[in-house]
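So the chains spell out like this:
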Amino acid sequence: MVLYVGAALVTVLLGLMVNSRVEKAEGVITRQQMLNTLGLLSIFLTLFAISACRLNVGNDYAKYVEFMHLINCDAYVPTEFGFNSIVKLLYQISGFENYLLVFAFFAFFTVLLFLTAIYRQADSFGFSFFLFMTLGYYFQSFSTVRYYLALAIGVCAIPYVLRKEWFKFIFLIILGATLHKSLLVVIPLYFLASITWKKWQLALMAVFCSTFFFLQDFYLRAVVFLYPTYEETEYLEGGTSYVNIARCFAVFVLALLLYQKTVKNNRRNQFYFYCNLGALVMYVCCSFLPIISRIGYYLTITHIFFIPALVNSVENKKLKKLLTIGTVAAGILYFALLMRRAYDPGFRILPYETFMFHDMVPILSDVN
């Protein structure tokens, strides 16, 4: 745990050095640009090293090693062909089943894409990066590595939605879906979030959302049709997060209070507003759907941009300071709760082990 807390503290402090809104002078490298390069490179190397050097850390690490072995044996696996192709290519380059290289590959691009997205889209890199770390997106990427790379691709695609460059957006999403097909849900979700909704349209949408309460069997059958591997598994048990509901509700209330000034005439903030509202509706109405959090994360990831935008828009200095302190405190508390369950089988990022000092546990194929 000391490693994780130390990494979070160091990288957040480095993030405060970065100013992504610095004006570039033609032909001149300013001191701030040098600080940006140094800060970003240091953050990247720290996060990449921790993720790439881990061994059997993450609740599905051994399962992924098993999948990679089966892919190399041309056996059936439920993973997407993009992931399968990457595994085969890296195994062929290595000349053996080098699963460490595969995990390093995914760690490299996951960290790189998240940092790139935050640098390009955040009003305050330090604030947004603080939320990225404390809300657990980095540490949760130790599990379901395909999903978190897909999530990073989804975040990188947001500017295309805001600029209405739909062809580029859909192309990037389809490309990312070859790693994890859940990414396809952002095509309708981000499109809906990009619309300026009228009150009567919101009322109709509320009526539609009410169907989730009495047509649950229908929606579950639709999920099984899309994900046949979920049938008769624990994945159909559903469940929701009260912490995520509270977080979305708090952001919703703050956004309503600042709606006229900060959200209404700002296309980007309006998009974030509807992403948060959509996530809140999902967590409340769709708890019966399997792994609703995976769908919700495609929407709540915008909190790392939206919360700083809301807080920084407050003109009253005392209130702004109070909101900033409250957000930082909430982030630290969220991070503490995350670390408390670090040993849980469903999360399992502790104990931290590395291939330099530990051996991989036998996988299912080895036992059989």
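The structure presented is a predicted model; accordingly, all values stated were derived computationally and were not measured.

Conventions and cut-offs
- Residues numbered from 1 in each chain as written.
- Predicted model: local features only at pLDDT ≥ 70, side-chain atom pairs only at ≥ 80, totals over all residues.
- Heavy atoms only, no water.
- Phe/Tyr/Trp six-rings, centres within 6.5 Å; stacked < 30°, edge-to-face > 60°.
- Helix = DSSP H or I, 4+ residues; strand = E, 2+ residues; numbered from the N terminus.
- Buried < 20%, exposed > 50% of the residue type's maximum accessible area, 1.4 Å probe, protein only.
- Lys NZ or Arg CZ within 6 Å of the ring centre and 35° of its normal.
- Core = buried A, V, L, I, M, F, W, Y, C linked by side-chain atoms within 4.5 Å.
- Contact = heavy atoms within 4.5 Å.
- 1 Å grid on protein atoms, 1.4 Å probe; cavity = no way out; pocket = protein on both sides within 12 Å on 5 of 7 lines; lining within 4 Å.
- Points joined across faces, edges and corners; volume = space filled by probe spheres on them.
- Nonpolar A, V, L, I, M, F, W, Y, C, P; charged D, E, K, R; others polar.
- pLDDT = per-residue confidence, 0-100.

## Section: the packing of aromatic side chains
Next, step 1: Under the definition given, this model contains 37 aromatic pairs.
Next, step 2: Ring plane angle 50° and centroid distance 5.8 Å describe the contact between F139 and F335, whose orientation is recorded as tilted. Of the two residues, F139 is situated in helix α7 (residues 137–140) and F335 in helix α19 (residues 317–340); the sequence distance between them amounts to 196 residues. The burial state of F139 is the same as that of F335; both residues are buried.
Next, step 3: One aromatic cluster is present, built from ring pairs that chain together F44, F48, Y61, Y64, F67, F83, Y99, F103, F105, F106, F108 and F109.
Next, step 4: The positively charged end of R294 is found above the aromatic ring belonging to Y147, 5.8 Å away from the centroid.
Next, step 5: Taking NZ or CZ as reference, R341 lies 4.6 Å from the ring centre of F347, over its face.

## Notes on unusual backbone geometry
Next, step 1: The residue after L350, namely P351, is reached through a cis peptide bond having omega 5°.
Next, step 2: Inspection of the secondary structure puts P351 in the loop between α19 and α20 (364–367).
Next, step 3: Phi at T144 takes a positive value of approximately 40°, unusual for a residue other than glycine.
Next, step 4: By the secondary structure assignment, T144 is in the loop between α7 and α8 (145–156).

## Structural notes on the nonpolar core
Next, step 1: Formed by 117 residues in total, the largest nonpolar core has its most connected members in F129, F139 and Y190.
Next, step 2: Once residues lying within four places of it in the same chain are set aside, the contact partners of F139 are Y4, M133, F335, L338, M339, F347 and I349.

## Remarks on empty space enclosed by the protein
Next, step 1: By the definition in use, this model includes two cavities of 30 Å³ or more.
Next, step 2: Ranked by the residues each element gives to the lining of the largest cavity, the list is headed by helix α5 (residues 99–121), at four residues.
Next, step 3: Tallied by class, the residues present in the lining of the largest cavity amount to four nonpolar, three polar and one charged.
Next, step 4: Counted as a void, the second largest cavity has a volume near 30 Å³.
Next, step 5: Looking at the second largest cavity, the residues that line it are L162, A193, S194, R267, Q270 and F271.
Next, step 6: In terms of residue count, helix α16 (residues 267–285) provides more of the lining of the second largest cavity than any other element does, three residues in total.

## Examining the environment of G58
Next, step 1: Checked against the element boundaries, G58 lands in the loop between α2 (31–52) and α3 (61–72).
Next, step 2: G58 sits in the buried class, given a relative accessible area of 2%.
Next, step 3: G58 sits 56 residues away from V2 along the chain, and the two C-alpha atoms are 17 Å apart.
Next, step 4: The contacts of G58, once residues within four sequence positions are left out, are F142, S143, F347, R348 and I349.

## Details of the confidence of the model for the chain
Next, step 1: Model confidence for the chain is summarised by a mean pLDDT of 89, while 92% of its residues fall at 70 or above.
Next, step 2: Confidence, expressed as mean pLDDT per element, reaches its minimum in the chain at α20 with 64 and its maximum at helix α9 (residues 158–162) with 97.

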